[in-house]
Amino acid sequence: MLNFFKKQDLPTIKFLLGRGVDQESTNLWNTLGNMYPVIPASTNLPEWWSKLGKSYLNEQDFTEYPTAKRCPGMYDLMRAGYIIPAWSDFEFVLGSGMDIKYKMSPILEKFKDPPFHIHRPEQTSGCPMHSNDTGPILKLMSPWYIDMPKDYSIFLIEPTYAQANDYSILPGIMDPAIERAPNKEINVFIRLNKPDKVIKINAGDPLIHIIPFKRQSFKFECRLPNNEEKSFFNVLQNKPFSKILRGIQDMPAKLAENRFKDNKNYNVQKQRRNET
């Protein structure tokens, strides 16, 4: 029997090649993007995470404790959205005079102009991120355009649990559905954190983490809870203490109980036909 209540089609996020001011630069960008394509974050989990066990033995009290593998927040964040890997090797040195020296790979040297810009600290004057002599901000142009439906936007953040602290990726929010080139271009803003040190980014390293979300307005409240809310939270806080735990094996399975599983697939390959 055909079900007339058809399931709504899923939104599509598109990462598209084709950047460049002329055919030569477009060909270079396309080559780089094809060598290092965008990938779903769930398929690019950090190696340390894959090796991490679910528990560890504390040598001081000889008690077994859970590791971050049981943290639903980390679990979901690392699997959300998409990873854009570095499309080339990069080397940067932030000098003591706040000048930036760089070394490009041979393919990047083929561009007529360096495929990055420098944003002076004056553009964000007063921002606390400049308090540690971090100097200018690098704007790396990537090979990628992005497109998605108008009700959706993207978070651009650093791959928090897959990146060393030699540099930071500056976060932001973008609306790719707006039909202007700056809204379609994916650029990466980098702060160099360690002066007088060669900071290396290797081709294929996770460089920026993109998480799509549907825009929604909210009402806002900030107040003391009413009696009904107090009772509700009191039960939530005290219910775990009504159980006798003999070890980590008796602890609740946080990933099963502390997170929703629905609508967290960022790589749906095929929708089933809505038939019975």
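Residues numbered from 1 in each chain as written. Predicted model: local features only at pLDDT ≥ 70, side-chain atom pairs only at ≥ 80, totals over all residues. Heavy atoms only, no water.

J.: Tell me about helix 3 (residues 72-79), residues and numbers included.
T.: Listed in full, the buried residues belonging to helix 3 are Pro-72, Met-74, Asp-76 and Met-78. Backbone geometry just downstream of helix 3 places Gly-81 in the positive-phi region, at approximately 70 degrees. (Buried < 20%, exposed > 50% of the residue type's maximum accessible area, 1.4 Å probe, protein only. Helix = DSSP H or I, 4+ residues; strand = E, 2+ residues; numbered from the N terminus.)

J.: Provide a residue-level description of the nonpolar core, including the pertinent values.
T.: With 40 residues, the main nonpolar core has Phe-15, Ile-84, Trp-87, Leu-140, Ile-190, Leu-192 and Leu-207 as its most contacted residues. It is strand 9 (residues 137-147) that provides the largest number of residues to this core, a total of 5 residues. Non-local contacts of Ile-190, meaning those with residues more than four positions away in its chain, are made with Pro-136, Ile-137, Leu-138, Leu-140, Tyr-167, Ser-168, Ile-169, Ile-201 and Leu-207. (Core = buried A, V, L, I, M, F, W, Y, C linked by side-chain atoms within 4.5 Å. Contact = heavy atoms within 4.5 Å.)

J.: How would you sum up the pattern of salt bridges? Please name residues and give values.
T.: Summed over the entire model, instances satisfying the criterion amount to 10 salt bridges. Across the salt bridge formed by Lys-184 and Asp-147, the nearest N and O atoms sit 2.6 Å from each other. Pair noted here: Lys-184 is in helix 4 (residues 181-184) and Asp-147 is in strand 9, with a separation of 37 residues, a long-range link. Taking relative accessible area as the criterion, Asp-147 reaches 27% and is therefore assigned partly exposed. Look at the salt bridges and you will find they share partners, linking Asp-76, Arg-259 and Lys-264 into a network. (Salt bridge = Lys/Arg side-chain N within 4 Å of Asp/Glu carboxyl O.)

J.: Explain the side chain of Ser-25 residue by residue, including any values.
T.: Following the sequence through the fold, Ser-25 ends up in helix 1 (residues 23-35). At 3.1 Å, the side chain of Ser-25 forms a polar contact with the backbone nitrogen of Val-21. With sequence-adjacent residues up to four places away left out, Ser-25 is seen in contact with Arg-19, Gly-20 and Phe-111. (Polar contact = N/O pair within 3.5 Å; in protein donor to acceptor, adjacent residues only side chain to side chain.)

J.: Talk me through the sheet that holds strand 14 (residues 198-201); I want residue IDs and the actual numbers.
T.: Across the sheet, 3 strands lie side by side as 7-6-14; this open sheet has antiparallel pairing. The outermost strands of the open sheet, each flanked by one partner alone, are strand 7 (100-104) and strand 14. Each neighbouring strand pair of the sheet contributes to a mean axis angle of 20 degrees, computed without reference to strand direction. The pairing of strand 6 (residues 90-94) with strand 7 spans 5 bridges and is classified as antiparallel. By the bridge assignment for strand 7, Leu-94 is matched with Ile-100. (Pairing = 2+ DSSP bridges. Axes fitted to C-alpha atoms, helices over the stretch in contact; angles between N-to-C directions.)

J.: Describe the sheet that holds strand 5 (residues 82-85), naming the residues involved and giving the relevant values.
T.: In a beta sheet, neighbouring strands are held together by backbone hydrogen bonds and run either parallel or antiparallel to one another. The 5 strands lie next to each other as 2-5-15-10-12, forming an open sheet whose pairing is antiparallel. Of all strands in the sheet, those bounded by a partner on one side alone are strand 2 (39-40) and strand 12 (172-174). Sheet topology note: the strand 10 (residues 152-157)/strand 12 ladder contains 3 bridges and is antiparallel. Counterpart to Ile-154 in the pairing with strand 12 is Met-174.

J.: Hey, could you go over the pairing of strand 4 (residues 63-66) for me, with residue numbers and the actual values?
T.: Both strand 3 (residues 55-58) and strand 4 contribute to a ladder of 4 bridges, which runs antiparallel. Note on strand 4: the bridge partner recorded for Leu-57 is Glu-64.

J.: Let's hear about the environment of Ala-164: which residues, and what values?
T.: As for its position among the elements, Ala-164 is in the loop between strand 10 and strand 11 (167-169). It is 10.0 Å that separates the C-alpha atoms of Ala-164 and Ile-201, two residues lying 37 residues apart in sequence.

J.: I'd like a rundown of the packing of aromatic side chains, residues and numbers included.
T.: The geometry of an aromatic ring pair is captured by the separation of the ring centres together with the interplanar angle, meaning the angle of the planes. Enumeration according to the criterion identifies 11 aromatic pairs in this entry. Ring plane angle 50 degrees and centroid distance 4.7 Å describe the contact between Trp-29 and Phe-111, whose orientation is recorded as tilted. Of this pair, Trp-29 sits in helix 1 while Phe-111 is found in the loop between strand 7 and strand 8 (116-119), placing the two residues 82 residues apart along the sequence. The two residues Trp-29 and Phe-111 agree in class, both being buried. Pairing Trp-87 with Phe-90 gives two aromatic rings, centres 6.0 Å apart and planes at 85 degrees, and the pair type is edge-to-face. Considered together, Trp-87 and Phe-90 belong to a single accessibility category, that of buried residues. Chaining the aromatic ring pairs together yields one cluster made of Trp-87, Phe-90, Phe-92, Tyr-102 and Phe-116. Seen from the ring of Trp-49, Lys-69 lies directly overhead, with NZ or CZ sitting 5.6 Å from the centre. The cationic tip of Arg-79 hangs over the ring face of Tyr-75; the distance from NZ or CZ to the ring centre is 3.6 Å. (Phe/Tyr/Trp six-rings, centres within 6.5 Å; stacked < 30°, edge-to-face > 60°. Lys NZ or Arg CZ within 6 Å of the ring centre and 35° of its normal.)

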